[in-house]
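What follows is the residue order along each chain.
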Amino acid sequence: QISQLVKVGVEPYGLALSSDATTLYVAISGEDKLVALDADTLTPIGSFNTLARPRSVTVNPPGDVYISHQFASVLLLDTASIGAPVTKTPLALVS
């Protein structure tokens, strides 16, 4: 049974919960962005532009957000300021 449906954008793909369990990050593959939701209410609290076609999202214990993309790139996102990308650092990916 579905308890709540939240529309966040075109092609939501991957998601991750922040280390402190207050923010849910959702990769919006069809819009090249990451949406941050309040984990309790599921209301949007910010969004970040990403590289093309974000797929998977993970958050490490210090709170760094990593996003993988369809075209072999990984992005480290500084979320110090919810609502705007502070830094977007592409990381090398070895194939």
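For the structure, check the block above.
As the structure is a computational prediction, the values presented were derived from the model and not from experiment.

Q: Tell me what's going on with the overall build of the chain, and back it up with residues and numbers.
A: Within the chain, the regular secondary structure consists of zero helices and eight strands. Counting from the amino terminus, helix and strand elements in the chain follow one another as β-β-β-β-β-β-β-β. In the chain, the proportion of contacts linking residues at least 24 apart, taken out of those at least 6 apart, comes to 28%. Accessible surface computed for the chain: about 5,600 Å², of which carbon and sulfur atoms make up 54%.

Q: Go over the sheet that holds strand S1 (residues 12-17) with me, naming the residues and quoting the values.
A: With antiparallel pairing, four strands are arranged side by side in an open sheet as S1-S2-S3-S4. The sheet is open, and its two edges are formed by S1 and strand S4 (44-49), each paired on a single side. The sheet shows a mean angle of 20 degrees between the axes of neighbouring strands, direction not considered.

Q: Describe the packing of aromatic side chains, listing the residues and the values that go with them.
A: Throughout the structure, instances matching the rule amount to zero aromatic pairs. Seen from the ring of Tyr13, Arg55 lies directly overhead, with NZ or CZ sitting 4.2 Å from the centre.

Q: Mind laying out the nonpolar core, listing which residues take part and the relevant values?
A: Ranked by size, the top nonpolar core spans 12 residues in total: Ala16, Tyr25, Ala27, Leu34, Ala36, Phe48, Val57, Val59, Val65, Ile67, Leu75 and Leu77. Going through the elements one at a time, strand S2 (23-28), strand S3 (33-38), strand S5 (54-59), strand S6 (65-69) and strand S7 (73-77) are the ones with two or more residues in this core. Counting residues in hydrophobic clusters, the runner-up holds six residues, among them Val8, Leu24, Ile28 and Leu37.

Q: Could you give an account of the pattern of salt bridges, naming the residues involved and the relevant values?
A: Tallied over the full model, the rule gives two salt bridges. Between Glu11 and Arg53 there is a salt bridge, and its shortest N-O distance comes to 3.0 Å. Highlighted residues: Glu11 in the segment before S1 and Arg53 in the loop between S4 and S5, separated in sequence by 42 residues. Classification of Glu11 by relative accessible area gives partly exposed; the value is 37%.

Q: Outline the side chain of Arg55, supporting the account with residue identities and numerical values.
A: Structurally, the position occupied by Arg55 is in strand S5. No salt bridge is formed by the buried Arg55. Its closest oppositely charged neighbour is Glu11, at 4.9 Å. Those residues within four positions of Arg55 in sequence are excluded, and the remaining contacts are Tyr13, Gly14, Ala27, Ser29, Ser68, His69 and Gln70.

Basis of the calculations
- The written sequence of each chain sets the order in which its residues are numbered from 1.
- Only residues with pLDDT of at least 70 are given local features in this predicted model, and only at 80 or more are side-chain atom pairs given and counted; all residues enter the totals for whole chains, interfaces and linings.
- Based on all heavy atoms of the structure, the side-chain values leave hydrogens and waters out of the count.
- Secondary structure elements are taken from DSSP: a helix is a run of H or I of four residues or more, a strand is a run of E of two residues or more, and numbering for both begins at the N terminus.
- Should any heavy atoms of two residues lie within 4.5 Å, those residues are counted as being in contact.
- Only the protein chains shown count as cover for residues, and all accessible areas are computed by the Shrake-Rupley method using a 1.4 Å probe.
- One requirement defines pairing of two strands: DSSP has to find at least two bridges between them.
- For every element, the axis is a line fit to its C-alpha atoms; helices are fit only across the contacting stretch, and the angle between N-to-C directions ranges from 0 to 180 degrees.
- Between 30 and 60 degrees the pair is tilted, below 30 it is stacked and above 60 it is edge-to-face, where a pair is any two Phe, Tyr or Trp rings, Trp via its six-membered ring, whose centres lie within 6.5 Å.
- Note on geometry: a ring has a charge over it if NZ (lysine) or CZ (arginine) is within 6 Å of the ring centre and within 35 degrees of the ring normal.
- Buried Ala, Val, Leu, Ile, Met, Phe, Trp, Tyr and Cys residues that are joined via side-chain atoms within 4.5 Å together make up what is termed a nonpolar core.
- Think of it in three bands: with a 1.4 Å probe and only protein chains considered, a residue is buried below 20% of the maximum accessible area for its type, exposed above 50%, and partly exposed in between.
- Think of a salt bridge as a Lys or Arg side-chain nitrogen and an Asp or Glu carboxyl oxygen that are within 4 Å of each other.
- Positive charge is attributed to Lys and Arg, negative charge to Asp and Glu, and no charge count is given to His or to the chain ends.

These figures come from the coordinates and say nothing about function on their own.
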